[in-house]
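Listed below, chain by chain, are the residues.
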Amino acid sequence: MATQSIGEYPIIMKDSLDKFHGNQLVFIYWYGHRVVCSPRAFPLPPEMPFGAILSDIIPLTYKIEPDFEFLDFDKIEVIWEIDGKVVVPDFSKSLKENGVGHKSFITFTTPSLTGKVGA
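All values reported here derive from a predicted model rather than from experimental measurement.

Description of the pairing of strand β3 (residues 79–82)
Point 1. The alternating pattern of β3 places W80 and I82 on a buried face, while none of I79 and E81, on the opposite face, is buried.
Point 2. Here β3 pairs with strand β5 (residues 104–109) via four bridges, running antiparallel. Counterpart to E81 in the pairing with β5 is T107.
Point 3. Alignment of β3 against strand β4 (residues 85–87), held across three bridges, turns out to be antiparallel. From the neighbouring strand, E81 faces β4, where its bridge partner is V86.
Point 4. Here β3 hands over to β4 after two residues, with D83 in that stretch at a positive phi of 55°.

Here you go:
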């Protein structure tokens, strides 16, 4: 069915990078852990060390997960993905240096921790 427009329809991006005051929107998800049922979005500075995700963001978000008490990044296998690509992040380098950009999606999977209902 054909449609007609009464004029131009402007595209206004409400989540563009310039709206975050120097930060970028980053989505983080612990795969298979459904107590926190969806990725969480955080406005993070591109210069923030990737390691701060482990020390500051993940505990804030996932402390209600039953497996959280066993989540020791130094002792268990963790598979990291940034925007669908498996990576080995350098925790001392910035988000930007690790390839994290505006609206990037970071997923971490822990094969030995499968969540309350199993991954």
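Focus: the side chain of S16
Point 1. Along the chain, the position of S16 falls in the segment before β1 (24–30).
Point 2. A distance of 2.4 Å separates a polar atom in the side chain of S16 from a polar atom in the side chain of D18.

A word on the environment of S104
Point 1. Looking at where S104 falls in the secondary structure, it is placed in strand β5.
Point 2. Relative accessible area serves as the criterion here: at 3%, S104 is assigned to the buried category.
Point 3. Taking the C-alpha atoms as reference, S104 lies 18 Å from D56; in sequence the two are 48 residues apart.
Point 4. In contact with S104, not counting residues within four places along its chain, are L25, V26, F27, I82, D83 and G99.
Point 5. Only 2.9 Å separates the side chain of S104 from the side chain of D83, close enough to count as a polar contact.

A short note on helix α1 (residues 51–62)
Point 1. The end-to-end C-alpha distance of α1, which contains 12 residues, comes to 16 Å, matching closely the 16 Å that a straight helix rising 1.5 Å per residue would cover.
Point 2. Within α1, the full set of buried residues consists of G51, A52, I53, L54, I57, I58, T61 and Y62.
Point 3. Check the buried side of α1 and you find it contacts β1, β2 (40–44), β3 and β5.

A look at the packing of aromatic side chains
Point 1. Under the definition given, this model contains 10 aromatic pairs.
Point 2. Pairing W30 with F108 gives two aromatic rings, centres 5.4 Å apart and planes at 20°, and the pair type is stacked. With W30 in strand β1 and F108 in strand β5, the pair connects residues that are 78 residues apart, well separated along the chain. Like F108, W30 is buried.
Point 3. Look at Y62 and F108: their rings are 5.9 Å apart centre to centre, the planes differ by 85°, and that puts the pair in the edge-to-face class. On the criterion of sequence distance, the pair formed by Y62 in helix α1 and F108 in strand β5 is long-range, its members being 46 residues apart. Accessibility assignment for this pair places Y62 and F108 in one class, buried.
Point 4. Following the ring pairs from residue to residue traces out a cluster consisting of W30, F50, Y62, F73, W80, F91 and F108.

Cut-offs used in this document
- Residues numbered from 1 in each chain as written.
- Predicted model: local features only at pLDDT ≥ 70, side-chain atom pairs only at ≥ 80, totals over all residues.
- Heavy atoms only, no water.
- Buried < 20%, exposed > 50% of the residue type's maximum accessible area, 1.4 Å probe, protein only.
- Helix = DSSP H or I, 4+ residues; strand = E, 2+ residues; numbered from the N terminus.
- Pairing = 2+ DSSP bridges.
- Polar contact = N/O pair within 3.5 Å; in protein donor to acceptor, adjacent residues only side chain to side chain.
- Contact = heavy atoms within 4.5 Å.
- Expected span 1.5 Å × (residues − 1).
- Phe/Tyr/Trp six-rings, centres within 6.5 Å; stacked < 30°, edge-to-face > 60°.

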